[in-house]
Amino acid sequence: MESNSEEDLMPGQPPVAPQPEFEPAVPAPEAEPVATAPVEPTAPMEIPAAEARAQESPKTETNTNTWPPIPEKAPASPLLRHPWFLLLVALAAAVVLDLVSYKQQPGIQWALFVVLAIGGSLLAAFIEKRSVPAGSYVLAGMLGVSGILTLFRGEGYTVMSLVLFGLVALVLLAGSFLNGQWARFRVREYVLSALDASLSALIGLPIGLTDGSKNLPTDQAADHKRGRRAAAAVIRGVLISLPLLFIFALLLGSADLVFGEQLKGLVSWLSPKNLEDVLRQLAIILVLTWALFGVLWMLITHTDKRKVPELDEPLIKPFLGLTESAIVLISLNLLFAAFLLVQFRYFFAGQANITLQGFTYAEYARRGFFELLAAAFIAWLLHYALSSLTKREKGAQRFLFSLLASLLILQVGLVLVSAFQRLSLYEQAYGFTRDRLVAHVMMVFLGLVLLSSMLLEWTHSLKRMALVLFIALFAFSLTLSALNVDSLIAHRTMDRAINGEEFDPTYLVNFLNGEDAVPTLFRYYDDPTLPKELKDTLGKVLACRQARQTEDEKASNWTGWTWPRMRANTLYADHASALASYRMTRQEDSLGFLLGDTWVSCVDPGN
């Protein structure tokens, strides 16, 4: 009889299957795919272009149409690996600059500063293991050329233009040292680089020595520790050496009187009368070290990122309509056209016009000369401003604006030609001076800048104006160096004297106070065809210049070396016997010569 028969079950109770004593776990079977009818393939769902780009590009991609590019999270500036070594570099440069500049005659200082700036920057990059791009080497080369040229020219305007270019180049190098993008900088980057360098010189040292030292990677943290240990070792070595040097110097100085006297000479700067100078120099060295380290910190930590995007946007969004700008340009064009038409004969008739109008050369040349230059410069600035602030969405609007602006620039160019003509007449009448010759050269370069401005306007590249001005400044300084301004003036002055025109020998003494003109003057002095009276006058000029140069040399040393000064001293020595025949006379407590009707003082014995 089966125990599980239907009769044994309770009414309504379901049958129970027999359960084994142990049942191993069995994984549940996977669901079988449900068979479906074949479906026609459908086209993929279209995704908007903006979403597709967002899906394809990583989230960190920046918008290159904006300046500066804004990443989602700005990366932190890299930290210095060896700040203490850079501090030693800055200190060494500061000591050298102080030694060659403090109470020294001007000579090698600027060239040495440029060399130290370039060398210190490259050394800092080497210490910090940073790569310097080719563009920065090009800029450093231009800077080096301008600095070295100051050793070969002594004329004031030439040296000033070389130094001015050097300062601008240093600003660009400070702002683009590790990215090499200085050639793409606009005016705003020039200004921002100067501000960044100034601020870094003030705050860079404390930040560079302390910033982030606790959060450095392992290798950089080890470098920091090694740097601190090396600096501490140097300080300990100096502190230990000083008392030992003092003790042994006393013993050796007592043992040998000659050696003792030499030691006294070496430490004479520690006497109370020199203590003020020593403290002042120490203060200068500390300030220079602070500033130089700050700039080096900026070079290494803030110039490695690309700063200028391919697509440029204006600093100030254009807000002037074409109507307003067109009215301004048309008005100015009409004014300049009327001015040129009415006074055309006055501009270009030259000496015939002077005769008709009764003007002297000076009146003709000076009448409105500086006003014309000012008008040309203001018109150029106005074009630059209007081009930046005028809205020109359509091609016809851009064409009309460029046409009106170009017409204005062309008329401004004619005004420059007029100014050039006036100055030429003045030089024909009264000869060359530094101011006149440099103004002549400057007008040529101003005309080239105006031409470049017009070309940039038509090519819609006016943002490159900063590069044009930078290159023009470099070319201007090189041109003045090649012309040798003082030598050219001396040459023209002597030619005028030989041809019987008015001769002012006092200008050769009092105003050509560099030594660039000396070789030219000696070339005329040695010319056997030079009339005797003119040769005697020129001999007095050279004797007077020699006396002044001798007085200057007494107070100078090797830091005042320049090529023109060395060459002049050689020529003075070669002609010493000839120049000694020109005896100076005393008048009003000074020694000098009577050149024409003018007394020229050469040496003041009281000073």
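S.K.: Mind laying out the packing of helix H2 (residues 83-101) against helix H6 (residues 187-210), listing which residues take part and the relevant values?
M.R.: Contact pair H2 / H6: the axes reach a minimum separation of 9 Å and the direction vectors enclose 150°. Between H2 and H6, the crossing angle belongs to the class labelled roughly antiparallel. Contacts between H2 and H6 involve Pro83, Trp84 and Leu87 from the former and Leu205, Gly208 and Leu209 from the latter. Classifying every residue of the contact of H2 with H6 gives five nonpolar, one polar and no charged.

S.K.: I'd like a description of the state of the cysteines, backed by residues and values.
M.R.: Within the structure shown, the criterion is met by one disulfide. The side chain of Cys544 participates in a disulfide bridge whose partner is Cys602; the two sulfur atoms lie 1.9 Å from each other. The sign of the -120° torsion about the S-S bond sets the Cys544-Cys602 disulfide as left-handed. Taken together, the positions of Cys544 in helix H21 (residues 532-554) and Cys602 in strand S3 (residues 598-603) put the pair 58 residues apart, joining distant regions of the chain. Comparing Cys544 with Cys602 shows no difference in burial state: the two are buried.

S.K.: Please set out the nonpolar core residue by residue, giving values where relevant.
M.R.: Core analysis: the largest hydrophobic core is formed by 42 residues, its most contacted members being Phe293 and Phe470. If you list the elements that add at least two residues to this core, you get H2, helix H3 (109-127), helix H4 (134-149), helix H5 (156-176), H6, helix H9 (272-301) and helix H17 (465-483). Among the elements that take part in this core, H3 stands out by supplying seven residues, more than any other. Those residues within four positions of Phe470 in sequence are excluded, and the remaining contacts are Leu139, Met142, Phe165, Val168, Ala169, Leu172, Trp182 and Tyr190. Core analysis: the next-biggest nonpolar cluster, separate from the first, contains 40 residues, Leu512, Leu521, Leu530 and Leu579 among them.

S.K.: Quick rundown of the sheet that holds strand S1 (residues 585-587)? Include the residues and the values.
M.R.: If you trace the three strands from one edge of the open sheet to the other, you get S1-S2-S3, paired in antiparallel fashion. Among the strands making up the open sheet, the edge pair consists of S1 and S3. In this sheet, neighbouring strand axes are inclined to one another by 55° on average, regardless of whether the strands run parallel or antiparallel. As paired elements, strand S2 (residues 590-595) and S3 share five bridges and run antiparallel to each other.

Cut-offs used in this document
- Residues numbered from 1 in each chain as written.
- Predicted model: local features only at pLDDT ≥ 70, side-chain atom pairs only at ≥ 80, totals over all residues.
- Heavy atoms only, no water.
- Axes fitted to C-alpha atoms, helices over the stretch in contact; angles between N-to-C directions.
- Helix = DSSP H or I, 4+ residues; strand = E, 2+ residues; numbered from the N terminus.
- Parallel < 35°, antiparallel > 145°, perpendicular 65-115°, else oblique.
- Contact = heavy atoms within 4.5 Å.
- Nonpolar A, V, L, I, M, F, W, Y, C, P; charged D, E, K, R; others polar.
- Disulfide = S-S within 2.5 Å.
- Buried < 20%, exposed > 50% of the residue type's maximum accessible area, 1.4 Å probe, protein only.
- Core = buried A, V, L, I, M, F, W, Y, C linked by side-chain atoms within 4.5 Å.
- Pairing = 2+ DSSP bridges.

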